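Single-letter residue listing:
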Amino acid sequence: MALSGQEQSTSVAAVAEPPAEAIDLSRLDRILEEFKGQKGAVIPILQRTQDTYGYLPREAMIYVSKKTLIPLHQLYGVATFYTQFHLKRRGKHLIRICDGTACHVRGAPKNIDAVQKALGIKPGETTPDYKFSFEIVYCLGSCGLAPIALVDDKVYGRLGPEALVKRLEAVP
């Protein structure tokens, strides 16, 4: 059963992006006030901005640039250099499947395939309803539980493809 409710897989890249939601930029004022006048505060400002919205919306980046007088290209330079920052809206729930050596030999590729089929997305993509984002990682430090998946902050170990998909279907 596909989680997306569709018969066929649909790549997020193939789906038109819905209109952007209105972003309440006033939520940034407290963050910017906290770091006002501090040199070298770009990373913490971007981290807190991403914590607020789940990603770094363009409107927020422009707002931060105007309020802090940090050039927009500098903000984007930092945001694109560090992998912790995301410029595209992500799903409410983050699925990470480990494909490190221990997980790989114990079945991670089958789990990856099952999630791709169930959600209709590839690693690095987000479902069209923004419920899930899906990533492959190469070590989560729980090799004894291989293969493992991390859904939000919950570790699922020693799960086969069917059991993993059932767990995802139960995510609200």
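Residues numbered from 1 in each chain as written. Predicted model: local features only at pLDDT ≥ 70, side-chain atom pairs only at ≥ 80, totals over all residues. Heavy atoms only, no water.

Engineer: Explain the overall build of the protein chain to me, and be specific about the residues and the numbers.
Structural biologist: Each helix and strand counted, the protein chain has 7 helices and 4 strands in total. Per-residue burial for the protein chain yields a buried fraction of 38% across its 172 residues. Long-range pairs, those at least 24 residues apart, make up 64% of the contacts in the protein chain between residues at least 6 apart in sequence. Element-wise, carbon and sulfur atoms account for 53% of the exposed surface of the protein chain, whose accessible area totals about 10400 Å². (Helix = DSSP H or I, 4+ residues; strand = E, 2+ residues; numbered from the N terminus. Buried < 20%, exposed > 50% of the residue type's maximum accessible area, 1.4 Å probe, protein only. Contact = heavy atoms within 4.5 Å. Areas by Shrake-Rupley, 256 points an atom, 1.4 Å probe, with all protein chains shown as cover.)

Engineer: Break down the sheet that holds strand S1 (residues 93–98) for me, with residues and values.
Structural biologist: Taken in spatial order, the 4 strands of this open sheet run S2-S1-S3-S4, and their pairing is mixed. The open sheet terminates on both sides in strands that have one partner only, identified here as strand S2 (132–137) and strand S4 (154–157). Across the sheet, the mean angle from the axis of one strand to that of its neighbour is 20°, orientation sign disregarded. Its contacts with the sheet put helix H6 (residues 108–119) on S1 and S2, and the angle it makes with S1 is roughly 150°. (Pairing = 2+ DSSP bridges. Axes fitted to C-alpha atoms, helices over the stretch in contact; angles between N-to-C directions.)

Engineer: Residues and numbers for the pairing of strand S3 (residues 148–151), please.
Structural biologist: The alternating pattern of S3 places Ile148 and Leu150 and Ala149 and Val151 on opposite faces, both of which are buried. The sheet contact formed by S1 and S3 spans 3 bridges and is antiparallel. If you follow isoleucine 97 over to S3, its bridge partner there is alanine 149. Of the pairings in the sheet, the one linking S3 to S4 comprises 4 bridges and is antiparallel in character. Along S4, the bridge assignment pairs leucine 150 with valine 155. Counted along the chain from S3 to the antiparallel partner S4, the turn is 2 residues long, and its residue aspartate 152 has a positive phi close to 55°.

Engineer: Could you give an account of H6, naming the residues involved and the relevant values?
Structural biologist: Along its 12 residues, H6 runs 16 Å from first to last C-alpha, staying within 8% of the 16 Å computed at 1.5 Å per residue. Along H6, the residues that are buried comprise Ala108, Asn111, Ile112, Ala114, Val115, Ala118 and Leu119. Looking straight down H6, one finds its buried side chains confined to an arc of 165°; they lie on one side. Turned more than 90 degrees away from the buried face of H6 sit Lys110 and Lys117, all of them exposed. (Expected span 1.5 Å × (residues − 1). Arc of directions from axis to C-beta.)

Engineer: Lay out helix H4 (residues 72–81) with the relevant residues and their values.
Structural biologist: If you check which residues of H4 are buried, you get Leu75, Tyr76, Val78 and Ala79. On an axial view of H4, the arc spanned by its buried residues comes to 160°, and they lie on one face. For H4, the exposed residues set more than 90 degrees away from the buried face come down to His73, Thr80 and Phe81. On the buried face of H4, the contacting elements are helix H2 (42–53) and helix H3 (58–68).

Engineer: Break down the side chain of aspartate 99 for me, citing the residues and quoting the values.
Structural biologist: Following the sequence through the fold, aspartate 99 ends up in the loop between S1 and helix H5 (101–105). One buried charge, aspartate 99, has no salt-bridge partner; the nearest side chain with opposite charge is arginine 106, at 12 Å. A polar contact is formed between the side chain of aspartate 99 and the side chain of histidine 104, at a distance of 2.8 Å. Contacts of aspartate 99, omitting those with residues within four sequence positions, involve His104, Ala108, Pro109, Ile112, Ile136, Val137 and Tyr138. (Lys, Arg positive; Asp, Glu negative; His and termini not counted. Salt bridge = Lys/Arg side-chain N within 4 Å of Asp/Glu carboxyl O. Polar contact = N/O pair within 3.5 Å; in protein donor to acceptor, adjacent residues only side chain to side chain.)

Engineer: An account of the side chain of threonine 126 is needed here, citing residue identities and associated values.
Structural biologist: Relative to the helices and strands, threonine 126 resides in the loop between H6 and S2. Note on threonine 126: relative accessible area 10%, which makes it buried. Among the polar contacts listed, one links the side chain of threonine 126 to the side chain of serine 133, at a separation of 2.7 Å.

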